[in-house]
Protein chains: 2
Amino acid sequence: MRRLQDKIKTEGKVLSGNVLKVDSFLNHQIDAQLMKAIGEEFASRFKNLGITKIVTIESSGIAPAVMTALILDVPVIFARKKKSLTLVEHLYTAPVHSFTKNETNDISISKDFITSDDTVLIIDDFLANGQAVLGLLAIIEQANAKVAGVGIVIEKAFQPGGEMVREKGIKLESLAEISSLNDGEMTFVEESVEQ
Amino acid sequence: MRRLQDKIKTEGKVLSGNVLKVDSFLNHQIDAQLMKAIGEEFASRFKNLGITKIVTIESSGIAPAVMTALILDVPVIFARKKKSLTLVEHLYTAPVHSFTKNETNDISISKDFITSDDTVLIIDDFLANGQAVLGLLAIIEQANAKVAGVGIVIEKAFQPGGEMVREKGIKLESLAEISSLNDGEMTFVEESVEQ
């Protein structure tokens, strides 16, 4: 998605440890117009798949997921990282390991909102090691629901998450694919292909 | 806002301790069409105030804030409850006390995204004791920015937050005002006035 790629090039900052900081439009400050365009793009790439629910993880997945949900006209559910006071039981739960933070936390979704009748689209802001997507897939499996696919705003294609999802035969659509963040420079997959 | 009030009546559940559970459309599962209508309503109530930024707090404030930002065509920034790895310094920070959880946590916003040139609209899902809004107001004050007002999806009008905001002379718009959650029944402000 050209508009997103241009935004990442203009405003993204490459930090040490392969961290791409996009907090001016995605992770902290949010560009609502760009989120709408992202929602339209995901809706177009996943149309006609019978999607009944979108799931994401708080917090940075919420904006692109809600915009996609608006266009596909389905509800979105955000998995919680911490158990809520008003959601203490009756939960699907899965562990998600963060390699960056070196810690494992449970994510959870109420059993009220995903059933075996659902066809679920996963939306998230980043795909790197794939642990968050694996956690959401585990929850969808617990609910005996179907997976329509995975939509990612920014995939770090040099990390194993994308391959892990594709190996499962799951449709994966990443709107921007970064092939390298070496030496403080970002390279996109299509650029490295063109060279 | 009638559509919101009807949704709360139909799907909201009153739990012990004055807790109103609205996780089927606002706090966990999100009704994207309703969020769009909420965004349109906030945009209408806060138009022509020169708003340049919207701020909210992760996670449940994000959906209504992003929809409002889309219509007002300004960026939205969500305050983080936990310091991010990529946002470790250069922050405005304020404590927010949760009476429900009986704990105090810092919220923070990067200094990059609010300046003294900004006129800021605060959007949040709930207003009860007002601690989250006070935290956001403290951050806006640290940035020497102006406050355009506070937009709340559901105000618990029997708790002191609304009065605290109005006493400061700040424009407060709550789309649904609940006057009582006693005995498992919810009463809305306009209903109790009509009686």
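Residues numbered from 1 in each chain as written. Chains lettered and ligands numbered in written order. Predicted model: local features only at pLDDT ≥ 70, side-chain atom pairs only at ≥ 80, totals over all residues. Heavy atoms only, no water.

Details of the sheet that holds strand S4 (residues 53–57) of chain A
Strand-to-strand pairing in sheets goes through backbone hydrogen bonds, with the strands running parallel or antiparallel. Ordered in space as S11(A)-S10(A)-S9(A)-S8(A)-S4(A)-S5(A)-S3(B), the 7 strands form an open sheet in which the pairing is mixed. Because the sheet does not close on itself, it has two edges, and the strands there are strand S11 (187–188) of chain A together with strand S3 (29–30) of chain B. Contacts from helix H1 (residues 2–11) of chain A reach strand S9 (146–156), strand S10 (172–180) and S11 of chain A within the one sheet, and its direction differs from that of S10 of chain A by about 35°. Strands in contact with helix H3 (residues 62–72) of chain A are S4, strand S5 (76–79), strand S8 (119–127) and S9 of chain A together with S3 of chain B; relative to S4 of chain A, the strand with the most contacts, it is inclined by about 175°. (Pairing = 2+ DSSP bridges. Helix = DSSP H or I, 4+ residues; strand = E, 2+ residues; numbered from the N terminus. Contact = heavy atoms within 4.5 Å. Axes fitted to C-alpha atoms, helices over the stretch in contact; angles between N-to-C directions.)

Points about the packing of helix H1 (residues 2–11) of chain B against helix H2 (residues 32–45) of chain B
Residue and element names in this part refer to chain B. Here H1 crosses H2 at 140°, and the two axes come no closer than 10 Å. Considering the relative orientation of H1 and H2, their crossing is left-handed. Residues Arg3, Leu4 and Lys7 of H1 form the contact with H2, whose participating residues are Gln33, Leu34, Ala37 and Ile38. Considering only residue class, the contact of H1 with H2 consists of 4 nonpolar, 1 polar and 2 charged. (Left-handed = near helix turned anticlockwise from the far one by under 90°. Nonpolar A, V, L, I, M, F, W, Y, C, P; charged D, E, K, R; others polar.)

Some points on the relation of the copies chain B and chain A
Between the two copies of this chain, the relationship is a rotation about some axis together with a displacement along it. Under the fitted operation, chain B is carried onto chain A by 0.0 Å of movement along the axis and a turn of 180°, and the coordinates agree to an RMSD of 0.0 Å. Expressed as a symmetry operation, the mapping of one chain copy onto the other fits a two-fold axis. In terms of C-alpha distance to the rotation axis, chain B has Ser59 of chain B as its closest residue, with the C-alpha 2.7 Å off the axis. Here 98% of the interface residues in chain B have copies in chain A that are interface residues too; the copies meet face to matching face. (Least-squares fit on C-alpha atoms with pLDDT ≥ 70 in both.)

Describing the pattern of salt bridges
Residues and elements named next belong to chain B. A complete count under the given rule lists 17 salt bridges over all chains for this structure. Taking the shortest distance from any N to any O, the salt bridge between Asp31 and Lys7 comes out at 3.1 Å. Here Asp31 is found in the loop between S3 and H2, whereas its partner Lys7 is found in helix H1, with 24 residues between them in sequence. Summarising the burial analysis for this pair, Asp31 and Lys7 share the class buried. (Salt bridge = Lys/Arg side-chain N within 4 Å of Asp/Glu carboxyl O. Buried < 20%, exposed > 50% of the residue type's maximum accessible area, 1.4 Å probe, protein only.)

Some details on the nonpolar core
Counting residues in each nonpolar core, the largest one holds 79 residues, and the members touching the most others are Leu4, Ile8 and Leu20 of chain A together with Leu4 and Ile8 of chain B. For Leu20 of chain A, the residues in contact, after removing those within four places along its chain, are Ile8, Gly12, Lys13, Val14, Phe126, Ile154, Lys156, Ile178, Leu181 and Met186 of chain A. (Core = buried A, V, L, I, M, F, W, Y, C linked by side-chain atoms within 4.5 Å.)

A closer look at a positive patch on the surface
A cluster of basic residues, Lys81, Lys82 and Lys101 of chain A together with Lys81, Lys82 and Lys101 of chain B, forms a positive patch on the protein surface. For Lys101 of chain A, the location among the structural elements is in the loop between strand S6 (91–98) and strand S7 (103–110). (Patch = residues over 30% accessible without salt bridge, like charges linked within 9 Å, V, L, I, M, F, W, Y side chains within 5 Å. Areas by Shrake-Rupley, 256 points an atom, 1.4 Å probe, with all protein chains shown as cover. Lys, Arg positive; Asp, Glu negative; His and termini not counted. Charge placed at Lys NZ, Arg CZ, Asp CG, Glu CD.)

Digging into the confidence of the model for chain A
Confidence along chain A averages 93 in pLDDT terms, with 94% of residues attaining 70 or more. Scored as a complex, the prediction yields pTM 0.95 and ipTM 0.94. (pLDDT = per-residue confidence, 0-100.)

Section: the sheet that holds strand S5 (residues 76–79) of chain B
Read from one edge to the other, the open sheet built from 7 strands follows the order S3(A)-S5(B)-S4(B)-S8(B)-S9(B)-S10(B)-S11(B), with strand pairing classed as mixed. The outermost strands of the open sheet, each flanked by one partner alone, are strand S3 (29–30) of chain A together with strand S11 (187–188) of chain B. One ladder, built from 4 bridges, connects strand S4 (residues 53–57) of chain B with S5 of chain B; its direction is parallel. Note that in S5 of chain B the partner of Thr56 of chain B across the bridge is Phe78 of chain B. On the sheet, helix H3 (residues 62–72) of chain B packs against S3 of chain A together with S4, S5, strand S8 (119–127) and strand S9 (146–156) of chain B and is oriented at approximately 175° with respect to S4 of chain B. Across the sheet, helix H4 (residues 131–142) of chain B lies against S4, S5, S8 and S9 of chain B, angled at about 165° from S8 of chain B, the strand it touches most.

A closer look at H2 of chain B
Residues and elements named next belong to chain B. Taking 1.5 Å per residue as the helical rise, H2 with its 14 residues ought to reach 20 Å, and the 20 Å between its terminal C-alpha atoms agrees with that figure. Every buried residue of H2 is accounted for by Ala32, Leu34, Met35, Ala37, Ile38, Gly39, Phe42 and Ala43. Two to three positions downstream of the cap, the backbone nitrogen of Gln33 sits 3.1 Å from a side-chain oxygen, assigning the N-cap of H2 to Asp31. (Expected span 1.5 Å × (residues − 1). Polar contact = N/O pair within 3.5 Å; in protein donor to acceptor, adjacent residues only side chain to side chain.)

Concerning the interface of chain B and chain A
Counting residues at the interface gives 41 residues for chain B and 40 residues for chain A. In total, about 3400 Å² of surface goes out of reach between chain B and chain A, with carbon and sulfur atoms giving 63% of it. A per-residue breakdown of the area chain B buries against chain A is headed by His28, Gln29 and Leu70 of chain B, which together make up 20% of the total. Scanning the region where chain B abuts chain A turns up 0 salt bridges. Counting across the chain B and chain A interface gives 17 residue pairs in polar contact (both at pLDDT 80 or more). Of all elements in the fold, only strand S2 (19–21), S3, H2, H3, S5 and strand S7 (103–110) of chain B reach the threshold of two or more residues within the side of chain B that touches chain A. Per-element accounting of the side of chain B that touches chain A gives the leading share, 6 residues, to H3 of chain B. Examined bridge by bridge, S5 of chain A and S3 of chain B share 2 bridges and lie antiparallel to one another. When the sheet's bridge partners are listed, Val76 of chain A is paired in S3 of chain B with Ile30 of chain B. (Buried area = accessible area lost by both parts, 1.4 Å probe.)

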